[in-house]
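# What the coordinates show
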Amino acid sequence: MTAVVTGGSAGVRTAKVTQTQKRSSARRSKIVKATLMYAASAAIGLGIWSFLAWWYGPTTIASPAEVWSAAQELWESGVLWSSITASGQRILIGWFLGVVIGAPVGILMGRIAIVRQLLDPYIEFFRFIPPIAFVTLAVVWFGIGETSKVVLIFYTSVFIVTVSTIAATVAISENKLQAAANLGANKLQIMKTVVLPSSIPGIVTGARLAMGNSFLTIVSAEIVAADQGIGSMIWQARNYGRIDWTFVGIIVLGIMGFIFDRILRILSSRYLSRYGVK
C-alpha cells in the first residue's frame, strides 16, 4: 500500500514538472515570436525610410546611415547626452508636480460639489489654451532658466490629470460609498478606503496622457529659451542646415517617450495592480 501511495505522489510530481516545463516552453516561444515580430517591423520600417531618403534626397529626408552618423557625432561632442538629460529632467519635474497637484484636486472636485463649482470654470477655460501660448509670458515671468520650462510642463500635465481623476472619482459606484457609510466609516475614511483606491486607475491614465503631452510642450519651450535640450538641438539643426540632426532629435524624443511610458506602466502594474491598474 505504501508503495502505491509513493508511486502516486511521484506521478503527481512528474505531472506538475511536465506542466511547468510546458508553460515555460510556451512562454519562451511567445517571447521569441514577439521578438521576431518586432525585428520584422523594424526592418520594414528601416526599408521604407531608406527608400524615401533615396527617393527625395538627403536635403529632404536623412537616411538611417546619415542619422546614425549624426547621432555618433552629437554623442561624441557631448551635445546629445546633455540635451537628453536637460529635457528629461524638465519633463520629469514638471510632470511629477502636475500629477501630485492634479490628482488631489481632481478627487476633491469629484467628491465635493462646492469645490467643483468653484474650480470647474477655471479648469474648463485653461485646459483649452495650449502651453505654447504662454511661452513668452513664462519667459517674462520666470526668466530663461529652468523654472519657465518646468512651469510649462506642469501647466501641460495638471489639467489632464485633474480631468482624468474627476472622471474616475465621479464613476465610483454609490453602492460602495453607501456600504462604507453603513459600516460606520466617516467621510475621511471613505475618502481613504473607497474613493482614493477607486480613483487610482484614472490617475494613472491621466499621468500617462500627461507624460505624452509633456513631450509635445518641451520642444516649443526649449526652442524659445534654452541653451540645452532636445528642442534647442532641433532649432540649432535648422540654423545650421543639418536635417540629420533634426532626425536625431525626433527619434530621441520618441525613444525617451517610449522608455518613460514603459517604466511608468511597469511600475504601475507591479505596485498598483491590486487597485485594478493593468
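Let me begin by describing the structure that accompanies this report. (Residues numbered from 1 in each chain as written. Predicted model: local features only at pLDDT ≥ 70, side-chain atom pairs only at ≥ 80, totals over all residues. Heavy atoms only, no water.)

## What about helix α4 (residues 113-126)?
What sets the pattern is the α-helix's 3.6 residues per turn: residues three or four places apart point alike. So the rule is basically this: Each helix is a run of DSSP H or I of at least 4 residues and each strand a run of E of at least 2, with the numbering of both proceeding from the N terminus. Helix span, expected: 1.5 Å multiplied by one less than the number of residues in the helix. One axis is fitted to the seven residues ending at the residue and one to the seven starting there. The bend at that residue is the angle between these axes.
Taking 1.5 Å per residue as the helical rise, α4 with its 14 residues ought to reach 20 Å, and the 20 Å between its terminal C-alpha atoms agrees with that figure. The sharpest bend along α4 measures roughly 40° and falls at Leu119, with the proline Pro121 sitting one to four residues further on.

## Here we look at the pattern of salt bridges
Convention followed: Criterion for a salt bridge: a side-chain nitrogen of Lys or Arg within 4 Å of a carboxyl oxygen of Asp or Glu. Categorising residues by exposure relies on relative accessible area from a 1.4 Å probe, with only protein chains included: less than 20% of the type maximum marks a residue as buried, more than 50% marks it as exposed, and the intermediate range marks it as partly exposed.
The tally for this structure, following the rule as stated, stands at six salt bridges. A salt bridge links Glu73 to Arg242, with the shortest nitrogen-to-oxygen separation between them at 3.0 Å. With Glu73 in helix α2 (residues 64-77) and Arg242 in the loop between α9 (230-240) and α10 (243-271), this pair connects stretches of sequence that are 169 residues apart. The exposure class assigned to Arg242 is partly exposed, which follows from its relative accessible area of 25%. A single salt-bridge network, built from bridges that share partners, covers Glu73, Arg242 and Asp244.

## Here's the deal with the nonpolar core
The test is simple: As used in this record, nonpolar core signifies buried Ala, Val, Leu, Ile, Met, Phe, Trp, Tyr and Cys residues forming a set joined through side-chain atoms within 4.5 Å. The criterion used for residue contact is that any of the two residues' heavy atoms lie within 4.5 Å.
Counting residues in each nonpolar core, the largest one holds 42 residues, and the members touching the most others are Trp95, Phe215, Ile230 and Val248. Those elements giving two or more residues to this core turn out to be α1 (2-56), α2, α3 (79-111), α6 (146-170), α7 (174-182), α8 (187-224), α9 and α10. When residues of this core are assigned to their parent elements, the largest contribution, ten residues, is made by α8. If we skip the residues at most four places from it in the chain, Val248 touches Val67, Ala70, Ala71, Leu74, Leu80 and Met233. If you look at the next biggest cluster of nonpolar residues, it comprises six residues, including Met109, Tyr155, Phe159 and Ile166.

Functional significance is not addressed by these values, which are geometric in nature.
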